[in-house]
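# Results of the structural survey
Here is what each chain is made of, one letter per residue.
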Amino acid sequence: MMSPLSDLLNLDLTDTKKIIAEYIWIGGSGMDIRSKARTLPGPVSDPSKLPKWNYDGSSTDQAAGDDSEVILYPQAIYKDPFRKGNHILVMCDAYTPAGNPIPTNNRNKAVKIFDHPNVKAEEPWFGIEQEYTILKKDVKWPLGWPLGGFPGPQGPYYCAVGADKAFGRDIVDAHYKACLYAGLSIGGANAEVMPGQWEFQISPTVGVGAGDQLWVARYILERITEISDVIVSYDPKPIEGDWNGAAAHTNFSTKSMRKDGGLDLIKKAIKKLEVKHKQHIAAYGEGNERRLTGKHETADINKLSWGVADRGASVRVGRDTEREGKGYFEDRRPSSNMDPYLVTSMIAETTILG
């Protein structure tokens, strides 16, 4: 029998004609996802038809107390997998009352790059592999690990099945289905090398859409872990020692790279990335130096290396791409806590406009 609470949570609001819109934005740390809900008179599918809204920026470290209003501009709409029906999730970015993007609004910076005619002409595709670790709430220790101790060494856990190897699959599967329901281009999910660590992928998406989708997928994951009373960690190296870190490998291609002869352009793009290596590393996530050590399938943080099918390189070119002479490359440097708006727009800027 359903509890009175879940009865109420599952109430059908169709007769009221009203819908609930959950406005989502990124807080002052650059990794804290915030949201609040409002009632709308009926279904909406175009973000430009949604009202702007505001929040108290002094409570998110994005404004001063004596001038605290920050304005939310709705940018993308997805179906709400929690409320279902016509209810929606709305990805927003943040502006001052005068209409200027606030300093932490990396989406606005990204749009400027993606709107450049040379970038638009190249139809940049981004596929992002988001790794994360599920932690027990009160002890901040990975799910499935003995309390205060360690599991057996890495090896049996990657893509594994079984109660002694895979920890948290219900959360992963619930997230997968919720993302598909929401309309996100989620491409897959798998258990990672470190036990308690998982990954999902956002399939190739054009321009700023990749960032919108990854942020909403992260929001949905945070909500599901909240329901499950566990914590999701995007720390790039959650456990020190002989354990894999967590990344957000970013796969990238342009129209020209996807055509015959594209491999030469990929090699040229990697050369451009090499020149700007330090600037990219600075924007690729906090604490990344703990992950990019040259061990555990990473390259040394201080120099850019590349190779075919080499998971110890900064940039990997796939065997298929080499064989066909066209395709995409994978930038393995971004950490799990990176901002996809920054990373995707920087890759486009360096390789297309550089």
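Residues numbered from 1 in each chain as written. Predicted model: local features only at pLDDT ≥ 70, side-chain atom pairs only at ≥ 80, totals over all residues. Heavy atoms only, no water.

The condition that has to hold: UniProt positions are given in the numbering used here, feature names are shortened, and annotations may be inferred rather than shown by experiment.
Going by an unreviewed UniProt entry, the protein chain carries the name Glutamine synthetase and comes from Camelina sativa. Recorded in UniProt for the protein chain, the comment headed Sequence similarities (unreviewed entry) runs: "Belongs to the glutamine synthetase family."

### Topic: the overall build of the protein chain
Worth spelling out the cut-off: Here a helix means four or more residues in a row that DSSP labels H or I, a strand means two or more in a row labelled E, and each is numbered from the N terminus. Only C-alpha atoms enter the radius of gyration; for comparison, a globular chain is expected to reach 2.2 Å times N to the power 0.38, where N is the number of residues. Throughout, exposure labels follow a simple rule: accessible area from a 1.4 Å probe, protein chains only, divided by the maximum for the residue type, with under 20% read as buried, over 50% as exposed, and the rest as partly exposed. Per-residue and other accessible areas were derived by the Shrake-Rupley procedure at a 1.4 Å probe size, with only the shown protein chains allowed to occlude residues. We treat Lys and Arg as the positive residues and Asp and Glu as the negative residues; His and chain ends play no part in the count. All charge positions are set by atom: Lys at NZ, Arg at CZ, Asp at CG, Glu at CD.
Counting its secondary structure elements, the protein chain contains nine helices and 13 strands. The C-alpha radius of gyration computed for the protein chain amounts to 21 Å, which stays within 12% of the reference 20 Å derived for 354 residues, consistent with globular compactness. Each principal axis of the C-alpha atoms in the protein chain carries an extent, and together these give about 60 × 55 × 40 Å. Among the 354 residues that make up the protein chain, the fraction classed as buried is 52%. Roughly 16,400 Å² of accessible area belongs to the protein chain as shown, and the carbon and sulfur atoms make up 53% of that amount. The average position of the 43 basic charges and that of the 46 acidic charges among the side chains of the protein chain differ by 4 Å.

### Observations concerning the packing of helix H2 (residues 106-114) against helix H9 (residues 340-353)
Heads up, the condition is: For every element, the axis is a line fit to its C-alpha atoms; helices are fit only across the contacting stretch, and the angle between N-to-C directions ranges from 0 to 180 degrees. Geometric relationships in this document are graded by angle, where less than 35 degrees denotes roughly parallel, more than 145 denotes roughly antiparallel, 65 to 115 denotes roughly perpendicular, and other angles denote oblique. Working rule for handedness: look at the near helix, and if it is turned counterclockwise from the far one by less than a right angle, call the crossing left-handed; if clockwise, right-handed. Any pair of residues with heavy atoms lying within 4.5 Å of one another is described as a contacting pair. Amino acids are sorted into nonpolar (Ala, Val, Leu, Ile, Met, Phe, Trp, Tyr, Cys and Pro), charged (Asp, Glu, Lys and Arg) and polar (every other residue, Gly among them).
Where H2 contacts H9, the axes come no closer than 9 Å and their chain directions differ by 25 degrees. In terms of orientation, H2 lies roughly parallel with respect to H9. Here the hand of the crossing between H2 and H9 comes out left-handed. Residues Asn-106, Arg-107, Ala-110, Ile-113 and Phe-114 of H2 touch H9, and the partners they reach there are Tyr-341, Leu-342, Thr-344, Ser-345, Ala-348, Glu-349 and Leu-353. When the residues that make up the contact of H2 with H9 are grouped by side-chain class, the tally is seven nonpolar, three polar and two charged.

### A word on the side chain of Asp-32
Going by this rule: The definition of a polar contact used here is a pair of N or O atoms within 3.5 Å, where within protein one atom must be able to donate a hydrogen and the other to accept one, and adjacent residues in sequence count solely through side-chain atom pairs.
You can see Asp-32 is positioned in the loop between strand E1 (19-26) and strand E2 (33-40). By relative accessible area, which is 19% here, Asp-32 ends up buried. At a separation of 3.5 Å, a polar atom in the side chain of Asp-32 contacts the main-chain amide nitrogen of Gly-28. Within the local environment of Asp-32, its side chain forms a polar contact with the side chain of Arg-34, the two groups lying 2.8 Å apart. Apart from residues lying up to four places away in sequence, Asp-32 is in contact with Trp-25, Ile-26 and Gly-27.

### Remarks on the pairing of E1
To keep things clear, this is the line we draw: At least two bridges found by DSSP between two strands is the condition for calling them paired.
Buried residues dominate E1, accounting for seven of its eight residues. With eight bridges joining them, E1 and E2 adopt antiparallel strand pairing. Bridge pairing in E2 links Glu-22 to Ala-37. In textbook terms, the turn of a hairpin is the stretch between consecutive antiparallel strands, and for E1 and E2 this stretch comprises six residues, one of which, Gly-30, has a positive phi near 85 degrees. Judged from the four bridges that link them, E1 and strand E5 (residues 88-95) form a sheet pairing that is parallel. Across the sheet, the residue bridging to Tyr-23 is Val-90, located in E5.

### Observations regarding the state of the cysteines
Two cysteines whose sulfur atoms are joined by a covalent bond form what is called a disulfide. Put simply, the rule is: In this description, the term disulfide denotes a pair of cysteine sulfurs within 2.5 Å.
Per the counting criterion, the structure on display carries zero disulfides. In this structure Cys-92 is not part of a disulfide, and its nearest cysteine sulfur, from Cys-179, lies 18 Å away. With no disulfide of its own, Cys-159 has Cys-179 as its nearest cysteine by sulfur position, at a separation of 18 Å.

### Observations regarding the UniProt feature "domain: GS beta-grasp" (unreviewed entry) in the protein chain
Taken from the UniProt record, the annotation "domain: GS beta-grasp" (unreviewed entry) applies to residues 19-99. As annotated, residues 19-99 has a helix share of 0% and a strand share of 48%, and its two end C-alpha atoms lie 27 Å apart.

### So, the pairing of strand E3 (residues 53-56)
On any regular strand, side chains alternate: one points to one face of the sheet, the next to the other face. Residues of E3 alternate between two faces, with Trp-53 and Tyr-55 buried on one and Asn-54 and Asp-56 left unburied on the opposite face. Relative to strand E4 (residues 69-79), E3 runs antiparallel, the two being bridged by four bridges. Pairing of Tyr-55 across the sheet is with Val-70, part of E4.

### Side note on the nonpolar core
Most often, soluble globular proteins keep nonpolar side chains buried together rather than apart. Worth spelling out the cut-off: For our purposes a nonpolar core is just a set of buried Ala, Val, Leu, Ile, Met, Phe, Trp, Tyr and Cys residues, chained together by side-chain atoms within 4.5 Å.
Ranked by internal contacts, the top residues of the largest apolar core, which has 61 residues, are Met-91, Tyr-132, Leu-184, Phe-200, Ile-220 and Phe-329. By residue number, the principal contributor to this core is helix H5 (residues 209-227), which donates nine residues. Residues contacting Leu-184, with those up to four places away along its chain left out, are Tyr-78, Cys-179, Gln-213, Val-216, Ala-217 and Ile-220. By size, the runner-up hydrophobic cluster in this structure holds 16 residues, among which are Ile-19, Leu-72, Ile-88 and Cys-92.

### As for the packing of aromatic side chains
Heads up, the rule is: Under the pairing criterion, centres of Phe, Tyr and Trp rings, with the six-membered ring standing for Trp, must be within 6.5 Å; the plane angle then separates stacked pairs below 30 degrees from edge-to-face pairs above 60, leaving the rest tilted.
Scanning the model with the defined rule gives twelve aromatic pairs in all. When the centroid spacing of 4.3 Å and the interplanar angle of 25 degrees are considered together, the rings of Trp-25 and Tyr-55 count as stacked. Placement of the pair is Trp-25 in strand E1 and Tyr-55 in strand E3, with a sequence separation of 30 residues. Residue Trp-25 is classed as buried on the basis of its relative accessible area of 5%. Between Trp-145 and Trp-243, the aromatic rings sit 4.7 Å apart at their centres with planes inclined by 45 degrees, giving tilted as the arrangement. Separated by 98 residues along the polypeptide, Trp-145 in the loop between strand E6 (125-136) and helix H4 (169-182) and Trp-243 in the loop between strand E9 (230-233) and strand E10 (248-253) bring together distant segments of the chain.

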